[in-house]
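# Inside the fold
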Amino acid sequence: MREDTLPKLLLRNAARLDNKVALREKEFGIWQSVSWRAYARHVQDFALGLAALGFRRGDKVAIIGDNRPEWLYTELAAQALGGAAVGIYQDSLPRELAYIIDHADATMVVVEDQEQVDKVLEIKEELPRVRKVIYFDPRGLRSYGDPLLAYFPEVEALGKEYGATHPDFFATEVARGQGEDVALIAYTSGTTGMPKGAMLTHCNLISMAKNLLAVDPLEQGDDFLSFLPLAWVGEQMLAVSAALWAGVTVNFPEEPETVRENLREIGPHVMFSPPRIWEDMVSRVMVKIEDASFFKRLAYRLLMPVGYRVADYRFAKRPLPFWLRALYFVADFVLFSAIKDHLGLVRLKRAYTGGAALGPDIFRFFHALGVNLKQIYGQTEIAGISVVHRDGDIKAHTVGLPIPETEIRIGEDGEILSRSPSVFIGYYKNPEATAETLAGGWLHSGDAGYLEENGHLVVIDRLKDVMRLADGSIFSPQFIENKLKFSPYVREAVVVGKDRPYVVALINIDMHNTGKWAEKRQLAYTTYIDLSQKPEVLDLVTGEVLRVNKELPEPVRIKKFVILHKELDADDEELTRTRKVRRRFVEEKYRSLIEALYTERETIGVESRVRYRDGHEALVSTALKVITVA
Amino acid sequence: MPVQLVIEGLSLAFGGVTALNNIDLEVQQGKITAIIGPNGAGKTSLLNCISGLYRPTRGRIFFEGRDITHLSPDARARLGIGRTFQNIELFKHMTTLDNLMLGRHIHLRTGLLAGGLYWLGAWREEALHRRRVEEIIDFLEIESVRYKPVGTLSYGLQKRVELGRALALEPRLLLLDEPMAGMNTEEKEDMARFILDVAEEWGTTMILIEHDMGVVMDISDWVVALDFGTKIFEGTPPEAQQSPEVIRAYLGT
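Residues numbered from 1 in each chain as written. Chains lettered and ligands numbered in written order. Predicted model: local features only at pLDDT ≥ 70, side-chain atom pairs only at ≥ 80, totals over all residues.

### Observations regarding the overall build of chain B
The number of helices and strands found in chain B is ten helices and ten strands. Here the C-alpha radius of gyration of chain B, 19 Å, is about what a compact globule of 253 residues would show, namely 18 Å. Each of the three principal axes of chain B carries a C-alpha extent, and together these read 60 × 40 × 35 Å. Looking at chain B alone, contacts between residues at least 24 apart form 67% of all its contacts between residues at least 6 apart. (Helix = DSSP H or I, 4+ residues; strand = E, 2+ residues; numbered from the N terminus. Rg over C-alpha atoms; globule rule 2.2 N^0.38 Å. Contact = placed C-beta atoms within 7 Å.)

Structure (structure tokens):
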């Protein structure tokens, strides 16, 4: 039998790996194991139970719940019968649930507990197609009399009975499955309009797993901790497709609140998390170090630079000198291994981040510790991943190289297009959106980006948010501003260039960090304006702009900038209350200043009204220096 | 439903002050009974009489047919009467787990010597109790604070741990003295759900004192109103809402 569907892979693993651990879940304070054999058994029983309840080929089951083995049993059971699974985020509102369950034509809904049962029962009038709502945590549900409800183990028991009278049913149904069958319908939360259901086939998912693992192999028995929503395609990648392909053990945390401890107990070999998880880890380390004893703080202060040095050597792909290697060995022994152990990262072969940009400092921090953190890029529509950093070829500003069997191309308008066996077959019941997204045989990502000479893909921004210079080169103000703001000395930045000959920037320095920097150099300063116009500070910021420019394509590099004479302020309507720049307003307010940046002038006179603490106002005029970046 | 607790002509006086005045009450097994009433009505005194903290001046208390009026609090605990307190009474420097394990102590069979030397099945017994405690931890969703000292937890969580400690005793009758006092709405909802789940899961009878009438109406099967130590009303929650006595006691008209 060729293993062209996920259930076939499961049966292969059950035959080959038998009593080896497939899943682990912490219950009653102890990690309880489920073997591959038992995993397959649960899937079989539940599948037969679903069949007994009337589930047929092509039917869909909606799943709502935290990460538990039952989630995977349900998904694979539906697929074993030739149906598809529809994952729904646990925190969805009843209205959203109703839309997805109804739109996906789900006939069964499998939920975790009372909370989800209540939500589904609240909307059951809108769901005429749903035959059963099956829950796996019975607490509080004993007195519910609704005939729609069923308890997971009861359905499994029903399946056992059904299997006794239909002995070959399960094996036949699995064998009938084909790679082209839809395995998963992943609803993407569209920023506009209703969510769309991306249909992914077994072939899509398996080729993704095969190609990802060709780049980054995992071994049978490697551990993965599944703690992000299984409705997210990124979690499906590793917890289902890759785990079945390679025989990886999937671990489920006790509760969402215990993930940190569970991570440390398991010490997974691979992780994939959005940036916030990594950022959170860094800030936790910082806080702990602040509170640590004198010696620990000393060790951190002395040894962290060694790690950073090594990380920089590796980013630059330069060989490590012997002395550095020796120092790093010591640093790792004394400090880094302890930090990694604390975070549960000590056994990691590699870790992925994706979904949004991760600051270069965070990247550097993990590489300094010796954590092989890499960027992933992909969409739900391509089974989650199309591009990844290769080991030893990591650049914080890129997302890496395409995985095997994957082509990446940049469209006329700068859009990232891709083609691979993992590209989905379309949106469920939405041919218009499908045709649009798959126009010309390429998957249209809706992201703007470009390829570097070394083949690395750089993602700029959503296509609808990018702008063009007068010569048509695309750039994203937000992308460049974020890069500028990664510098500790830059507090705010506004990048301008739409329909202009080149890109310019208005910058606010960070008074606190820049002030400290100045103090260290014994530079005396009085006010914000005074500090910001010091030649040394202008040099400092020029250095930061040059660093950003290095990561930008030639035509859209920042050519001129000026440090603003005042900090952008929400009280002056320049920022929103959540500290986002109100671009339109700022460009209007500082129009004369911006115009001047497109002339040959070297200084710009500005006047601003200053209100003192005692209430009286004065007009202050200053000359701002225009810096032309070489 | 069999009657589990019977109180007959219960009176309690502190010197010249009458705290409870000739109270008769029957509590049915597996039901949630709420005691309401203004401050100083004698609610906590009644609870203390049931748990054995106070000796009534007059009257008798029967638990499952047995006269317990003169039994000590620990003897009553052994019979299956557990309680929580208005002000949290936990060992603040001990972990959640240790506090709950302590709640099991009346079920310990191993003697001091065997326990101290950790032999003669002492470890096996501990594992057994640990299993039970873990079920309670799972039930109350306090896994994430299992190893945290109780003193570092939020107030709402401490209340939950205290409920857990009382449950560790495996009581058949549980007395809850203002289980939701000082909680925010969300914590109250959680606690109400746990109380209902305890009743459903283990069939535990509960008597609780509560001020929030919304909560009382939502979770109790039976309402008893006290005023100046006298029972002024007894009935179902909807009846309590209509009762002129209850309204008068609460609104003072």
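Picking up after the structure, the text goes on.
### A look at the environment of M213 of chain B
All names here are of chain B. Structurally, M213 can be placed in helix α8 (residues 213-219). For M213, a count of 16 C-beta atoms within 10 Å puts it in the partly exposed group. Sequence-wise, M213 and Q241 are 28 residues apart; in three dimensions their C-alpha atoms are separated by 9.1 Å. (Buried ≥ 20, exposed ≤ 12 C-beta atoms within 10 Å, placed from the backbone.)

### Here's the deal with the domain arrangement of chain A
Residues and elements named next belong to chain A. As far as domains go, chain A holds domain 1 (6-254), domain 2 (270-465) and domain 3 (467-628). Put simply, the middle of domain 1 and the middle of domain 2, counted by C-alpha atoms, are 29 Å apart. Contact residues are listed per partner, giving 30 residues for domain 1 and 26 residues for domain 2. Of all the secondary-structure elements, those providing two or more residues to the side of domain 1 that touches domain 2 are β8 (182-188), β9 (196-201), α8 (202-215) and α9 (233-246). At nine residues, the largest contribution of residues to the side of domain 1 that touches domain 2 is made by α8. Looking at side-chain class alone, the side of domain 1 that touches domain 2 contains 18 nonpolar, nine polar and three charged residues. (Domains from an automatic or database assignment. Nonpolar A, V, L, I, M, F, W, Y, C, P; charged D, E, K, R; others polar.)

### Comments concerning the nonpolar core
The biggest cluster of nonpolar side chains holds 151 residues, and the ones touching the most others in it are A62, V86, I185 and I507 of chain A. Of all the elements, α9 of chain A adds the most residues to this core, at ten residues. The residues touching V86 of chain A, leaving out its near neighbours within four places in the chain, are K60, V61, A62, I63, I100, A104, A106 and I185 of chain A. Membership of the second largest hydrophobic core comes to 64 residues, among which are I7, I61, I81 and I136 of chain B. (Core = buried A, V, L, I, M, F, W, Y, C linked by C-beta atoms within 7 Å.)

### Let's talk about the confidence of the model for chain B
Residue and element names in this part refer to chain B. In this model, chain B carries an average pLDDT of 89, and 94% of its residues clear a pLDDT of 70 or more. Averaged pLDDT values for the elements of chain B fall to 65 in helix α4 (residues 112-117) and rise to 95 in strand β8 (residues 205-209). Across the predicted assembly, pTM comes out at 0.85 and ipTM at 0.76. (pLDDT = per-residue confidence, 0-100.)

### What about the environment of S621 of chain A?
All names here are of chain A. Of note, S621 is situated in strand β28 (residues 617-625). For the pair S621 and G605, spaced 16 residues apart in sequence, the C-alpha separation works out to 6.8 Å. If near-sequence neighbours (up to four positions away) are discounted, S621 is found in contact with G605, V606 and E607.

### Observations regarding helix α7 (residues 169-176) of chain A
Residue and element names in this part refer to chain A. Buried within α7 are the following residues: F170, E173 and V174. Angularly, the buried residues of α7 cover 100 degrees about the axis, an arc narrow enough to put them on a single face. As for α7, its buried residues are in contact with α1 (6-17), α2 (36-52), α3 (69-80) and α6 (152-165). (Arc of directions from axis to C-beta.)

### Some thoughts on helix α13 (residues 322-343) of chain A
Owing to its 3.6 residues per turn, the α-helix aligns residues three or four sequence positions apart on the same side. All names here are of chain A. Along α13, the sharpest change in direction is near 55 degrees and occurs at D332. All of the buried residues along α13 are Y328, A331, F336, I339 and L343. Two residues or fewer after α13 comes G344, characterised by a positive phi angle close to 80 degrees. (Bend = angle between axes of the 7 residues up to and from the residue.)

### Side note on unusual backbone geometry
All names here are of chain A. Here D105, not a glycine, exhibits a phi torsion of approximately 60 degrees, which is positive. Residue D105 is classed as partly exposed on the basis of its C-beta count, with 17 C-beta atoms lying within 10 Å. One non-glycine residue, A383, adopts positive backbone phi at about 65 degrees. Structurally, A383 is set in the loop between β14 (373-377) and β15 (387-388). On the basis of neighbour counts, which here come to 32 C-beta atoms within 10 Å, the residue A383 falls in the buried class.

### Here's the deal with the domain arrangement of chain B
Residues and elements named next belong to chain B. Segmenting chain B into domains produces domain 1 (1-80 + 171-189 + 203-253) and domain 2 (90-170). Distance from the C-alpha centre of domain 1 to the C-alpha centre of domain 2: 27 Å. Taken together, the eight residues of domain 1 in the interface contact eight residues of domain 2. Tallied by class, residues from the side of domain 1 that touches domain 2 come to five nonpolar, one polar and two charged.

### Some details on the sheet that holds strand β2 (residues 17-28) of chain B
All names here are of chain B. Taking strand neighbours across the sheet as the criterion, the four strands line up as β2-β1-β4-β5 in an open arrangement whose pairing is antiparallel. A single partner strand is all that each edge strand has here, and the edge strands are β2 and β5 (66-67). For strand β1 (residues 3-14) and β2, the ladder comprises eight bridges, and the chain directions are antiparallel. The residue bridging I7 from the neighbouring strand is L25, located in β2. Most of the contacts of helix α1 (residues 43-51) go to β2, to which it runs at about 65 degrees, and overall it touches β1, β2 and β4 (58-63). (Pairing = 2+ DSSP bridges. Axes fitted to C-alpha atoms, helices over the stretch in contact; angles between N-to-C directions.)

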